[in-house]
Amino acid sequence: MSTTALSYNDAALEKTPAVEQSIVLKTDHDHDSESEEVHDESGHEHGSDESKDDHAAEEKSDDGHDHGSETASKETAEEEHEEGISFSPEKMALANIKVTNLKPAIFAKSIYAPGEIKANGYTSYIVSSRTESVVISRHAILGEHVTKGQSLVTLFSESMAEAQAQYRVAYSEWQRTKKLGLGTVSESRLLASETDYISAYGRLTAFGLTKAAIKDIVKNNSSNLGEYTLVAQRSGVVLSDDFSQGQRVPAGEKIMVLADEKDLWVEARVSPNKKLSLPIGTIAKVEFAGQVHVAKVIQEAHTIDPSTRTRIVRLSVENTDDSLHSGMFVNVNFQFDTQSPVIAVPETALMRGADGDWTVFVEDHPGEFKAVEVELGQPLGNYRQIIGIEPNTRVVTKGAFFVASEIAKGGFDPHGH
């Protein structure tokens, strides 16, 4: 460098608005003025090459910040999208996924009550001995379908033997006096013999003998006195036969029970706290082993069962296919219509979320589903009222379990937590 000393007049320092500060020296020389002008312009605009590089670096820095924002937005969008799951039309068809546009409608709601099948007490018949007897032989067994007049059991009784003997005597006397007539016997004698015959006949009837059995007593004198056979007074099935041959049974004790199982009773036990109006004719569905039978209310008890503390409602159910039998425990669902339209889905459309809340899968876009929490309302048969879903929302009503499984495989939180 030159060591020549230069003298400067009125030298001054100025600061430029550039990022880096520039020092400008003002002199009286024209050449120096030009230099000043150049320095001034470069200071106010782009400055030196180093300043250009600095500006470029700033621009690049700003550009990197913008790209970072875009990346964060994409990640947020992906996280929001991962709250649900997408299915192609082929996959939905293969998984048998059905989506329904939910609309409010009137549904038949049901009230559950446990029930028991009973024999129709108005058509069943108890077979019993009218006098103390001994069982000689049986002619029907448990579960057998019998017809009216069919022999059921043969008994022996000392009282019956005495009654049969008296009837034979009374019958013979009555037949003899009738033939003689009033010209031969007095009117009192004729009346007395007729009365004795009627009394003996009535006693055998009271013991349970049929007209044919009574007639056979006088036709067959060799018949064993004291033996008699009880027959079915109506057609039905033998529901019980708790006795053994040779057993002595007291008068009035139940030997067999016959019932017509084409029409049975269902005794439903309803909680006394439920304010239910169940007038005669109310329809109910009786379910047993997957089979459903329609029944209707015929009676309602106005007292509370002291053992179960429940109110008994009696229903009548037709049993044409002979699938119901006395003693079965069944589920009874009384059917009512909702007072106003409600939104409901099949029970299979409801899934438990990770936090235990009930959810349904809503279709935002074709093939895209996300879990939405709902509140459960009243049961409506195979449907359930849901609260928290707007009308016309598209919801998965079939195949919800498969959708939940796919979301679980992907590790998504159905609630977006």
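An unreviewed UniProt entry annotates the protein as Cobalt-zinc-cadmium resistance protein CzcB originating from Pseudoalteromonas haloplanktis. The record held by UniProt for the protein lists under Sequence similarities (unreviewed entry) the comment "Belongs to the membrane fusion protein (MFP) (TC 8.A.1) family."

### Some points on the overall build of the protein
In terms of helices and strands, the protein carries 7 helices and 23 strands. Of all 417 residues assigned to the protein, the portion counted as buried reaches 33%. Of the contacts made within the protein by residues no fewer than 6 positions apart, 72% connect residues no fewer than 24 positions apart. Accessible area of the protein: about 25500 Å², with a carbon and sulfur share of 51%.

### Some words on helix 7 (residues 400-409)
Listed in full, the buried residues belonging to helix 7 are Ala 400, Val 403, Glu 406 and Ile 407. Take helix 7 and look down its axis: the buried residues cluster within an arc of 125°, on one side only. In helix 7, those exposed residues whose orientation departs by more than 90 degrees from the buried face are Phe 401, Ala 408 and Lys 409.

### Observations concerning the side chain of Ser 323
Of note, Ser 323 is situated in the loop between strand 15 (311-318) and strand 16 (329-337). Judged by relative accessible area, which is 18%, Ser 323 ranks as buried. At a separation of 3.0 Å, a polar atom in the side chain of Ser 323 contacts the side chain of Asp 321. Discounting residues that sit within four places of it in the chain, Ser 323 has contacts with Gln 291, His 293 and Met 328.

### Side note on the packing of helix 5 (residues 187-206) against helix 6 (residues 211-219)
Look at helix 5 against helix 6: their axes get within 10 Å of each other, and the N-to-C directions meet at 130°. If you check the angle between helix 5 and helix 6, you find them oblique. Of the two possible hands of crossing, helix 5 and helix 6 adopt the one that is right-handed. On helix 6, the residues that touch Tyr 201, Leu 204 and Thr 205 of helix 5 are Lys 211, Ile 214 and Ile 217. When grouped by side-chain class, the residues that make up the contact of helix 5 with helix 6 number 4 nonpolar, 1 polar and 1 charged.

### Considerations on the sheet that holds strand 22 (residues 383-387)
An order of 17-22-21 is seen for the 3 strands of this open sheet, with the pairing classed as antiparallel. Edge positions in the open sheet fall to strand 17 (344-346) and strand 21 (375-380), since each of these has one partner strand only. On average, each strand axis in the sheet is tilted by 35° relative to the strand beside it, whichever way the strands run. Of the pairings in the sheet, the one linking strand 17 to strand 22 comprises 3 bridges and is antiparallel in character. What sits directly across from Pro 346, in strand 22, is Tyr 383.

### Regarding the environment of Gly 121
Note on placement: Gly 121 falls in the loop between strand 3 (108-118) and strand 4 (125-128). Relative accessible area serves as the criterion here: at 41%, Gly 121 is assigned to the partly exposed category. As a C-alpha pair, Gly 121 and Leu 264 span 143 residues in sequence and 8.7 Å in three-dimensional space.

### Let's talk about the packing of aromatic side chains
Counted by the stated rule, this structure contains 9 aromatic pairs. Ring centres 4.8 Å apart and planes at 85° place the aromatic pair Tyr 122 and Trp 265 in the edge-to-face group. Taken together, the residues Tyr 122 in the loop between strand 3 and strand 4 and Trp 265 in strand 12 (residues 263-270) connect sequence positions 143 residues apart. By relative accessible area, which is 57% here, Tyr 122 ends up exposed. According to the relative accessible area criterion, Trp 265 is buried, its value standing at 7%. With a centroid separation of 6.0 Å and an interplanar angle of 50°, the aromatic rings of Tyr 167 and Tyr 201 are classed as tilted. Separated by 34 residues along the polypeptide, Tyr 167 in helix 4 (residues 158-180) and Tyr 201 in helix 5 bring together distant segments of the chain. Residue classification places Tyr 167 among the buried positions, given a relative accessible area of 2%. The partly exposed category is assigned to Tyr 201, whose relative accessible area is 24%.

Cut-offs used in this document
- Residues numbered from 1 in each chain as written.
- Predicted model: local features only at pLDDT ≥ 70, side-chain atom pairs only at ≥ 80, totals over all residues.
- Heavy atoms only, no water.
- UniProt positions renumbered as here; feature names shortened; annotations may be inferred.
- Helix = DSSP H or I, 4+ residues; strand = E, 2+ residues; numbered from the N terminus.
- Buried < 20%, exposed > 50% of the residue type's maximum accessible area, 1.4 Å probe, protein only.
- Contact = heavy atoms within 4.5 Å.
- Areas by Shrake-Rupley, 256 points an atom, 1.4 Å probe, with all protein chains shown as cover.
- Arc of directions from axis to C-beta.
- Polar contact = N/O pair within 3.5 Å; in protein donor to acceptor, adjacent residues only side chain to side chain.
- Axes fitted to C-alpha atoms, helices over the stretch in contact; angles between N-to-C directions.
- Parallel < 35°, antiparallel > 145°, perpendicular 65-115°, else oblique.
- Left-handed = near helix turned anticlockwise from the far one by under 90°.
- Nonpolar A, V, L, I, M, F, W, Y, C, P; charged D, E, K, R; others polar.
- Pairing = 2+ DSSP bridges.
- Phe/Tyr/Trp six-rings, centres within 6.5 Å; stacked < 30°, edge-to-face > 60°.

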